[in-house]
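Residues per chain are reported as follows:
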Amino acid sequence: MARKLTVVISQAQGKNPAKRQLEEELAAKLLMEPGIDVSVVPHLYDLKPDHTGLLFLRSVPGDMVVLGWLYPRALRWILDRQGVRGQEGISLLVPEDDAADEEERPEPQGIGSVEVPNRRIYCIDLRTTHKAAEYLEEIRRIARESAQELVDLLGWIGGSPSPGQMDRYLHPLPIVSDEPRNGRGGNGQAIAGAVPLGSREQGGVAEALASPPGHLHDFSREEPGRRWYPVIDYSRCTNCMECIDFCLFGVYGIDSFDRILVEAQDNCKKGCPACSRVCPENAIIFPQHKTPAIAGAEGEVAGLKIDLSQLFGGEGKGALELAVAERDAELVKDGRQAVGMTVGIPKRQQGASQPRDELDDLMDGLDALNV
């Protein structure tokens, strides 16, 4: 486990002054905390795999807290997609509406991620509160939790650590090791794009903190363009392949383990969330969509909190009908023919072992009508 807790601030898109002020205030306060390193990166969803910020995050071996302007579930699976993986860390700082549902969270039923290291990643939505002090207090709690795990580990290996050992863990000296420090790898070679605290040109954080206990890794100057693509939540995904059947733009593919993956994300049509609507487990996230269930909010999983009258035949278009209309619109824009309900409509009973339910009857009814 890493000596320091790494806190990542994923910046908001655009130049919203209130959001930028919160990000700067958090960075300034966190750099005063012992045992914490701070990294600032552009909006995680927009980063391409070779962005220096992502290269750095992949090199961090220990526990991590990620603060961003997205739902925590979206942040977690964006990171997983980019090879930044870990066990899910549970944050106690959640919106009041979500806190009531926390005890009702179901056990993961999906196929899960792969090659997950033994460390925790805590994802926190910066839209939860505008008060920097509340985020700071939660990060302190997580840091204590992370430190206690080290105490338990050392105690299990061969006795509890001495006060001196714990002090060195919580207040480490800035040494060169296998762990990146101040924009440098273990061999001392600078990581391109990392700006040490003392060399930052902009005011505020650097001027206020002459000799902070932690380090600031600033990758925010390398700004990427905005992107739009689906993110798979593998804790819910059952590998049913309905998304690859429904999508006609070559976005999805199969990996070497025969698992579904987003293979050609830039083939996705900007603003179109159609595949998310047909996923039976709500495992496909479009983090920038205005609908919370599609953008990664918790508590809306097929079969748990679903209003069938609204899904099919309620006021306005049902989810499947709307998905087909969205897909057809993109096909026409591409100069192709609309296909309606003739291609890729989910067949939930094929190979299914679970008992039939009301949604199955509705699907069979649609098939019988040959809509």
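Conventions and cut-offs
- Residues numbered from 1 in each chain as written.
- Predicted model: local features only at pLDDT ≥ 70, side-chain atom pairs only at ≥ 80, totals over all residues.
- Heavy atoms only, no water.
- Pairing = 2+ DSSP bridges.
- Helix = DSSP H or I, 4+ residues; strand = E, 2+ residues; numbered from the N terminus.
- Axes fitted to C-alpha atoms, helices over the stretch in contact; angles between N-to-C directions.
- Contact = heavy atoms within 4.5 Å.
- Expected span 1.5 Å × (residues − 1).
- Buried < 20%, exposed > 50% of the residue type's maximum accessible area, 1.4 Å probe, protein only.
- Polar contact = N/O pair within 3.5 Å; in protein donor to acceptor, adjacent residues only side chain to side chain.
- Right-handed = clockwise from strand over helix to strand, strands pointing away.

1. Quick look at the sheet that holds strand β1 (residues 5-10)
Next, step 1: Spatially, the six strands line up as an open sheet ordered β4-β5-β3-β1-β2-β6, and their pairing is parallel. On the outer flanks of this sheet lie β4 (87-89) and β6 (216-218), each paired with one strand and no other. On average, each strand axis in the sheet is inclined to that of its neighbour by 20°, with strand direction left out of account.
Next, step 2: Sheet topology note: the β4/strand β5 (residues 120-125) ladder contains three bridges and is parallel. Residue pairing in the sheet places G89 in a bridge with Y122 of β5.
Next, step 3: Those strands touched by helix α1 (residues 17-30) are β1, β2 (36-41) and β3 (64-68), and its axis lies near 165° from that of β1.

2. Here we look at α1
Next, step 1: Between its first and last C-alpha, α1 extends 20 Å over 14 residues, near the 20 Å set by a 1.5 Å rise per residue.
Next, step 2: Within α1, the full set of buried residues consists of R20, L22, E23, L26, A27, A28 and L30.
Next, step 3: For α1, the N-terminal capping position is held by N16, with its side-chain oxygen 2.9 Å away from the main-chain nitrogen of A18.

3. Some points on the side chain of E326
Next, step 1: Summarising the element assignment, E326 is placed in helix α12 (residues 319-333).
Next, step 2: Beyond its immediate chain neighbours, meaning those up to four positions away, E326 contacts C272, P273, A274 and R277.

4. Details of the pairing of β2
Next, step 1: β2 sits mainly inside the fold: six of its six residues count as buried.
Next, step 2: On β2, burial covers both faces: I36, V38 and V40 on one face and D37, S39 and V41 on the other are all buried.
Next, step 3: Sheet topology places β1 next to β2; six bridges connect them, and they run parallel. Its bridge partner being in β2, T6 is matched across the sheet by D37.
Next, step 4: In this view, the connection linking β1 to its parallel neighbour β2 by way of α1 has right-handed handedness.
Next, step 5: Strand direction decides the pairing type here: β2 and β6, joined by three bridges, are parallel.

5. What about the environment of P72?
Next, step 1: With respect to the element layout, P72 can be found in helix α3 (residues 72-81).
Next, step 2: Once the C-alpha coordinates of P72 and C123 are considered, the two residues, 51 residues apart in sequence, prove to be 4.9 Å apart.
Next, step 3: Sequence-distant contacts of P72, defined by excluding residues within four places in its chain, comprise C123 and D125.

Note that every value here comes from positions in space, so none of it alone points to a role or purpose.
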